[in-house]
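Here are the chains, one letter per residue:
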Amino acid sequence: MNIQFGMTKLIQAIAEWVTRLALTNMMWLLFNVPVILFSVNLAFAETRQEMISIIGILFILAPFITFPATGALFAVVRRWTMEDTTIAVFKSYIRYWKQHYKQSIIAGLIIEVFWMIYAIDYYYFTTQISSSLALVFIMLGIVFLMITLFFICSLVHDELSMMNLMKNAIIMVITNPIVTVSIGVFNLSILYISFRYAPYLIVFFLGSLIAFVTFSVFYKIHKKVELIKKDSI
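Residues numbered from 1 in each chain as written. Predicted model: local features only at pLDDT ≥ 70, side-chain atom pairs only at ≥ 80, totals over all residues. Heavy atoms only, no water.

J.: It is not clear to me how the packing of aromatic side chains should be interpreted in this structure. Could you clarify?
T.: What describes a pair of aromatic rings is the distance from one ring centre to the other and the angle between the planes of the rings. Counting across every chain of the model gives 18 aromatic pairs. Taken together, the ring pairs in this structure connect Trp 115, Tyr 118, Tyr 122, Tyr 124, Phe 125, Phe 137 and Phe 144 into an aromatic cluster. Stacked on the ring of Trp 17, the Lys or Arg Arg 20 has its end atom at 4.7 Å from the ring centre. (Phe/Tyr/Trp six-rings, centres within 6.5 Å; stacked < 30°, edge-to-face > 60°. Lys NZ or Arg CZ within 6 Å of the ring centre and 35° of its normal.)

Quick look at the structure:
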(Lines give C-alpha, C1' and ligand atoms only; values in the text may rest on other atoms or scores of the structure.)
Protein backbone atom coordinates (compact mmCIF):
# COMPACT_ATOMS: atom_id res chain seq x y z
CA MET A 1 0.00 0.00 0.00
CA ASN A 2 2.83 2.39 0.94
CA ILE A 3 4.64 1.61 -2.32
CA GLN A 4 1.47 2.28 -4.31
CA PHE A 5 0.88 5.54 -2.43
CA GLY A 6 4.49 6.57 -3.06
CA MET A 7 4.19 5.84 -6.78
CA THR A 8 0.96 7.84 -6.94
CA LYS A 9 2.64 10.82 -5.28
CA LEU A 10 5.62 10.54 -7.65
CA ILE A 11 3.40 10.40 -10.75
CA GLN A 12 1.37 13.36 -9.44
CA ALA A 13 4.54 15.39 -8.82
CA ILE A 14 5.88 14.61 -12.30
CA ALA A 15 2.55 15.56 -13.89
CA GLU A 16 2.51 18.87 -12.00
CA TRP A 17 6.04 19.75 -13.11
CA VAL A 18 5.33 18.79 -16.71
CA THR A 19 2.23 20.98 -16.64
CA ARG A 20 4.12 23.94 -15.14
CA LEU A 21 6.94 23.71 -17.66
CA ALA A 22 4.56 23.28 -20.61
CA LEU A 23 2.24 26.17 -19.66
CA THR A 24 5.12 28.57 -19.01
CA ASN A 25 6.84 27.59 -22.24
CA MET A 26 3.65 28.19 -24.22
CA MET A 27 3.27 31.61 -22.60
CA TRP A 28 6.85 32.40 -23.60
CA LEU A 29 6.16 31.36 -27.20
CA LEU A 30 2.90 33.33 -27.28
CA PHE A 31 4.69 36.52 -26.27
CA ASN A 32 7.33 35.79 -28.95
CA VAL A 33 4.89 35.32 -31.84
CA PRO A 34 6.16 38.26 -33.99
CA VAL A 35 9.77 37.07 -33.67
CA ILE A 36 8.74 33.48 -34.43
CA LEU A 37 6.88 34.53 -37.59
CA PHE A 38 9.87 36.47 -38.93
CA SER A 39 12.17 33.57 -38.03
CA VAL A 40 10.00 31.23 -40.10
CA ASN A 41 10.15 33.70 -43.00
CA LEU A 42 13.94 33.65 -42.71
CA ALA A 43 13.93 29.94 -43.53
CA PHE A 44 12.06 30.66 -46.77
CA ALA A 45 14.10 33.70 -47.85
CA GLU A 46 15.17 33.27 -51.47
CA THR A 47 17.85 35.95 -51.73
CA ARG A 48 20.67 37.18 -49.54
CA GLN A 49 19.08 40.63 -49.41
CA GLU A 50 15.85 39.14 -48.03
CA MET A 51 17.82 37.25 -45.37
CA ILE A 52 19.70 40.39 -44.30
CA SER A 53 16.45 42.38 -44.14
CA ILE A 54 14.71 39.77 -41.98
CA ILE A 55 17.74 39.41 -39.69
CA GLY A 56 17.76 43.20 -39.29
CA ILE A 57 14.09 43.16 -38.31
CA LEU A 58 14.75 40.35 -35.81
CA PHE A 59 17.56 42.37 -34.21
CA ILE A 60 15.19 45.31 -33.85
CA LEU A 61 12.37 43.21 -32.41
CA ALA A 62 14.40 41.06 -30.00
CA PRO A 63 15.04 43.64 -27.24
CA PHE A 64 11.39 44.70 -27.21
CA ILE A 65 9.79 41.26 -27.53
CA THR A 66 12.12 38.32 -26.88
CA PHE A 67 14.01 39.69 -23.89
CA PRO A 68 10.95 40.84 -21.90
CA ALA A 69 9.29 37.48 -22.64
CA THR A 70 12.42 35.63 -21.54
CA GLY A 71 12.78 37.79 -18.44
CA ALA A 72 9.22 36.88 -17.41
CA LEU A 73 9.99 33.20 -18.09
CA PHE A 74 13.03 33.27 -15.82
CA ALA A 75 11.12 35.21 -13.13
CA VAL A 76 8.44 32.50 -12.97
CA VAL A 77 11.06 29.74 -12.91
CA ARG A 78 12.87 31.63 -10.13
CA ARG A 79 9.82 31.24 -7.90
CA TRP A 80 9.80 27.49 -8.50
CA THR A 81 13.49 27.21 -7.75
CA MET A 82 12.91 29.04 -4.47
CA GLU A 83 10.30 26.38 -3.62
CA ASP A 84 7.20 28.44 -4.36
CA THR A 85 5.33 26.09 -6.69
CA THR A 86 1.84 27.36 -5.88
CA ILE A 87 1.95 30.45 -8.10
CA ALA A 88 -0.55 30.85 -10.94
CA VAL A 89 1.47 30.56 -14.14
CA PHE A 90 -0.58 32.89 -16.37
CA LYS A 91 -1.07 35.71 -13.85
CA SER A 92 2.51 35.49 -12.60
CA TYR A 93 3.98 35.49 -16.11
CA ILE A 94 2.06 38.61 -17.14
CA ARG A 95 2.89 40.37 -13.86
CA TYR A 96 6.62 39.67 -14.22
CA TRP A 97 6.53 40.65 -17.90
CA LYS A 98 5.18 44.06 -16.91
CA GLN A 99 7.47 44.38 -13.88
CA HIS A 100 10.73 43.68 -15.76
CA TYR A 101 9.76 45.07 -19.17
CA LYS A 102 11.89 48.25 -19.17
CA GLN A 103 14.89 46.52 -17.60
CA SER A 104 14.61 43.66 -20.07
CA ILE A 105 14.70 46.06 -23.03
CA ILE A 106 17.89 47.70 -21.73
CA ALA A 107 19.41 44.28 -21.02
CA GLY A 108 18.43 43.11 -24.50
CA LEU A 109 20.14 46.08 -26.16
CA ILE A 110 23.31 45.48 -24.14
CA ILE A 111 23.39 41.76 -24.92
CA GLU A 112 22.74 42.37 -28.62
CA VAL A 113 25.83 44.61 -28.83
CA PHE A 114 27.96 41.82 -27.37
CA TRP A 115 26.54 39.22 -29.76
CA MET A 116 26.92 41.49 -32.78
CA ILE A 117 30.60 41.99 -31.93
CA TYR A 118 30.96 38.23 -31.49
CA ALA A 119 29.27 37.50 -34.83
CA ILE A 120 31.46 40.02 -36.69
CA ASP A 121 34.63 38.64 -35.08
CA TYR A 122 33.56 35.06 -35.81
CA TYR A 123 32.98 35.84 -39.47
CA TYR A 124 36.22 37.79 -39.86
CA PHE A 125 38.57 35.39 -38.05
CA THR A 126 37.11 32.18 -39.52
CA THR A 127 36.93 33.45 -43.11
CA GLN A 128 39.86 35.86 -43.33
CA ILE A 129 42.36 34.35 -40.87
CA SER A 130 41.81 30.61 -40.42
CA SER A 131 38.78 28.32 -40.44
CA SER A 132 40.44 26.30 -37.66
CA LEU A 133 39.56 29.15 -35.29
CA ALA A 134 35.90 28.11 -35.54
CA LEU A 135 36.32 25.68 -32.61
CA VAL A 136 37.75 28.46 -30.44
CA PHE A 137 34.79 30.68 -31.29
CA ILE A 138 32.33 27.86 -30.58
CA MET A 139 33.76 27.50 -27.07
CA LEU A 140 33.71 31.28 -26.68
CA GLY A 141 30.09 31.26 -27.87
CA ILE A 142 29.16 28.79 -25.10
CA VAL A 143 30.77 31.12 -22.55
CA PHE A 144 28.87 34.10 -24.01
CA LEU A 145 25.65 32.09 -23.93
CA MET A 146 26.07 31.38 -20.22
CA ILE A 147 26.96 35.01 -19.48
CA THR A 148 23.77 36.00 -21.29
CA LEU A 149 21.62 33.51 -19.37
CA PHE A 150 23.20 34.34 -16.01
CA PHE A 151 22.70 38.02 -16.79
CA ILE A 152 18.97 37.36 -17.23
CA CYS A 153 18.94 35.27 -14.02
CA SER A 154 20.58 38.12 -12.13
CA LEU A 155 18.18 40.61 -13.71
CA VAL A 156 15.13 38.89 -12.20
CA HIS A 157 16.83 37.98 -8.91
CA ASP A 158 19.00 40.94 -7.86
CA GLU A 159 18.16 44.62 -7.57
CA LEU A 160 21.37 46.03 -9.02
CA SER A 161 22.47 48.37 -11.80
CA MET A 162 22.91 46.94 -15.28
CA MET A 163 26.68 47.25 -14.95
CA ASN A 164 26.72 45.24 -11.74
CA LEU A 165 24.30 42.65 -13.13
CA MET A 166 26.62 42.05 -16.08
CA LYS A 167 29.66 42.07 -13.80
CA ASN A 168 28.08 39.42 -11.57
CA ALA A 169 27.20 37.24 -14.56
CA ILE A 170 30.75 37.40 -15.94
CA ILE A 171 32.30 36.66 -12.54
CA MET A 172 30.00 33.67 -12.00
CA VAL A 173 30.95 32.16 -15.36
CA ILE A 174 34.68 32.81 -14.96
CA THR A 175 34.85 31.45 -11.40
CA ASN A 176 32.75 28.35 -12.19
CA PRO A 177 34.02 27.36 -15.65
CA ILE A 178 33.34 23.61 -15.55
CA VAL A 179 29.79 23.93 -14.23
CA THR A 180 28.78 26.81 -16.49
CA VAL A 181 30.30 25.31 -19.64
CA SER A 182 28.58 21.99 -18.85
CA ILE A 183 25.22 23.77 -18.51
CA GLY A 184 25.96 25.68 -21.72
CA VAL A 185 26.59 22.42 -23.58
CA PHE A 186 23.41 20.95 -22.06
CA ASN A 187 21.36 23.94 -23.23
CA LEU A 188 22.80 23.76 -26.73
CA SER A 189 22.06 20.02 -26.79
CA ILE A 190 18.43 20.70 -25.86
CA LEU A 191 18.25 23.24 -28.69
CA TYR A 192 19.79 20.81 -31.18
CA ILE A 193 17.57 17.89 -30.17
CA SER A 194 14.46 20.08 -30.24
CA PHE A 195 15.04 21.49 -33.73
CA ARG A 196 16.62 18.36 -35.24
CA TYR A 197 14.75 15.41 -33.76
CA ALA A 198 11.89 16.46 -31.46
CA PRO A 199 10.08 19.64 -32.61
CA TYR A 200 7.33 19.09 -30.02
CA LEU A 201 9.87 20.04 -27.34
CA ILE A 202 9.92 23.54 -28.81
CA VAL A 203 6.23 23.97 -28.03
CA PHE A 204 6.17 22.43 -24.57
CA PHE A 205 9.60 22.47 -22.92
CA LEU A 206 12.39 24.23 -24.83
CA GLY A 207 12.45 27.64 -23.14
CA SER A 208 11.13 26.62 -19.73
CA LEU A 209 13.50 23.65 -19.39
CA ILE A 210 16.55 25.74 -20.28
CA ALA A 211 15.40 28.47 -17.89
CA PHE A 212 14.77 26.01 -15.06
CA VAL A 213 18.11 24.22 -15.36
CA THR A 214 20.05 27.47 -15.80
CA PHE A 215 18.41 29.30 -12.90
CA SER A 216 18.80 26.28 -10.61
CA VAL A 217 22.57 26.34 -11.21
CA PHE A 218 22.68 30.14 -10.93
CA TYR A 219 20.80 30.05 -7.63
CA LYS A 220 23.16 27.48 -6.10
CA ILE A 221 26.21 29.53 -7.11
CA HIS A 222 24.51 32.72 -5.88
CA LYS A 223 23.83 31.19 -2.45
CA LYS A 224 27.45 30.07 -2.13
CA VAL A 225 28.64 33.58 -2.97
CA GLU A 226 26.30 35.08 -0.38
CA LEU A 227 27.57 32.67 2.27
CA ILE A 228 31.18 33.59 1.47
CA LYS A 229 30.30 37.28 1.77
CA LYS A 230 28.65 36.73 5.18
CA ASP A 231 31.61 34.70 6.47
CA SER A 232 34.04 37.41 5.38
CA ILE A 233 32.21 40.12 7.33
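Moving on from the model shown.
J.: Please clarify how the packing of helix 7 (residues 134-157) against helix 8 (residues 162-175) should be interpreted in this entry.
T.: It is at 8 Å that the axes of helix 7 and helix 8 come closest, and there the two elements cross at 130 degrees. By the angle between their axes, helix 7 is oblique relative to helix 8. Handedness of the crossing formed by helix 7 with helix 8: right-handed. On helix 8, the residues that touch Val 143, Met 146, Ile 147, Phe 150, Phe 151, Ser 154 and Leu 155 of helix 7 are Met 162, Leu 165, Met 166, Asn 168, Ala 169, Ile 170, Met 172 and Val 173. Here the residues of the contact of helix 7 with helix 8 are counted per class, giving 13 nonpolar, 2 polar and no charged. (Axes fitted to C-alpha atoms, helices over the stretch in contact; angles between N-to-C directions. Helix = DSSP H or I, 4+ residues; strand = E, 2+ residues; numbered from the N terminus. Parallel < 35°, antiparallel > 145°, perpendicular 65-115°, else oblique. Left-handed = near helix turned anticlockwise from the far one by under 90°. Contact = heavy atoms within 4.5 Å. Nonpolar A, V, L, I, M, F, W, Y, C, P; charged D, E, K, R; others polar.)

J.: Can you help me understand the side chain of Ser 92 in this one?
T.: Mapped onto the elements of the fold, Ser 92 is located in helix 5 (residues 89-99). Beyond its immediate sequence surroundings of up to four residues, Ser 92 is in contact with Val 76 and Ile 87.

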